Amino acid sequence: IAPVDRPVALGVASEVAPFDHPFPLRSDGFSSPYRQISVSAQGGGRISALHPAILNLGSFAKGDVLVQLDDSSEQALFSQTQANVEATQARLDLVLAQLQRTEELRARGIASQQALDQLLSQEAELIASLNSLRAAQQSAAIAVQNKRVIAPFDGAVLQKQQEVGSVVSSGQSIAEIYTNDLMEVVIPVREAEAALIPGLFGEGTATARVTVEFAGQLYQWRAHVTRVDPALDPRTRTLTVSVGLDNIDAPALLNPDALATGNLPALINAFAKVEIDGISQDNT
C-alpha cells in the first residue's frame, strides 16, 4: 500500500491591535436640498415680471419678489376702496365736530334733544360703514398681494417652468426653488447600527463625513446627523436618517494628484457615501 500524502494545514497569525476610534457606520444615498418647493401664485393671471434668478437660474434673497402677475384690476379696486374709506372718514369727522357743538348747545338749552339724537345716529351709521369699507380695503389689499410671490427663504432656482406673458391658474407651478446653502444626504440605517450612533434620538448630533466622486476626483464634506424620521421603513425595517453638510462651499479634495476641475459645489442628486462616527469603546 502506497503511503498517502496528507496536506499540512497552515495558519496565519496576526497581532490584534486595540481600536480606539469611533465605530464607523457606513451607508450611501443621494444629496438633496434641505428645502425644495414649487413656486406658484394664489391668484391666477398673466405673468408680467419674473425675478432675474428665475430667468437665469440664479440666486435670490428672502423677501424678493419672484413672480409678479398683472394686478391692474386689483390695484384699481384697492384705490377705489381707499377713496371710499377716506370719504367716509371725512364725513365721520364732520359729524363728530357737529356732535360736540350740539352737545355743548344742548347743555346750555339751545339745541334740541332730537338734533342730538340725529347726530348720534349718523355717527353710529358712519362708524359701521367705515368698518365695512376698511374690511373691503383689506380684502382688496390681499388680492393685490396674491398677484405676487415672495421668496420664503434664501436660495436658488432649479428649474423655470413659465415665461413672462404666460397665463397661469391659481396654484400652477411657475418655477422650482431650493435652499442652496443647506444640503443633506438621506440614508437608511439599520436598527443594529442605529444603536451605535450616540445621541441619535436625543440632543446630540453625531459627526459624519460625506464623500462624492465626480470626474475622477473624490470630494469630502464635514457633516453631522440633523434629524431622524420617527418611523421605520415597513419593507426594509431601517431608519431614515438625514445628514447635513457643514462646509457646503469648501469640500476637501481627497486625491489632490488628480486633474483639478475647480471647487466642486454640493450637487443635487449626486451619489454620496456617508460615514457616521459611532460610539467609542475602550479596550476594543
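Everything that follows concerns the structure shown earlier in this document.
These figures come from a predicted structure and were not determined experimentally. (Residues numbered from 1 in each chain as written. Predicted model: local features only at pLDDT ≥ 70, side-chain atom pairs only at ≥ 80, totals over all residues. Heavy atoms only, no water.)

A. Geometry of the environment of S173. Mapped onto the secondary structure, S173 falls in the loop between β8 (167–168) and β9 (175–178). With relative accessibility at 22%, the residue S173 sits in the partly exposed group. Put simply, S173 and E104 are 69 residues apart on the chain and 64 Å apart in space, counted from C-alpha to C-alpha. Setting aside chain neighbours within four positions, we find S173 in contact with S38, V39, S40, Q161 and Q162. Reaching out from S173, the side chain makes a polar contact with the side chain of S38 at a distance of 2.6 Å. A distance of 2.2 Å separates the side chain of S173 from the side chain of Q161, its partner in a polar contact. (Helix = DSSP H or I, 4+ residues; strand = E, 2+ residues; numbered from the N terminus. Buried < 20%, exposed > 50% of the residue type's maximum accessible area, 1.4 Å probe, protein only. Contact = heavy atoms within 4.5 Å. Polar contact = N/O pair within 3.5 Å; in protein donor to acceptor, adjacent residues only side chain to side chain.)

B. Representation of the side chain of T179 in the model. Positionally, T179 belongs in the loop between β9 and β10 (183–190). Other than its neighbours up to four places away in sequence, T179 contacts P33, Y34, R35, F153, D154 and G155.

C. The pairing of strand β13 (residues 238–245), seen in detail. The buried count for β13 comes to 7 of 8 residues, which makes it a mostly enclosed element. Across 7 bridges, the pairing between β10 and β13 is antiparallel. Within the sheet, the bridge partner assigned to V185 lies in β13 and is V243. (Pairing = 2+ DSSP bridges.)

D. Representation of the sheet that holds strand β5 (residues 65–69) in the model. With antiparallel pairing, 4 strands are arranged side by side in an open sheet as β6-β5-β3-β8. The open sheet terminates on both sides in strands that have one partner only, identified here as β6 (148–150) and β8. Sheet topology note: the strand β3 (residues 45–50)/β8 ladder contains 2 bridges and is antiparallel. Looking at β8, one finds that G45 is bridged to V168.

E. Region of interest: unusual backbone geometry. Residues other than glycine seldom take positive phi values, yet A215 does so here, at roughly 55 degrees. Inspection of the secondary structure puts A215 in the loop between β11 (207–214) and β12 (217–228). Within the chain, R237 stands out as a residue other than glycine whose phi angle is a positive 55 degrees. Among the secondary structure elements, R237 is positioned in the loop between β12 and β13. For R237, a relative accessible area of 44% translates into the label partly exposed.

By themselves, these figures tell us nothing about what the structure is for.
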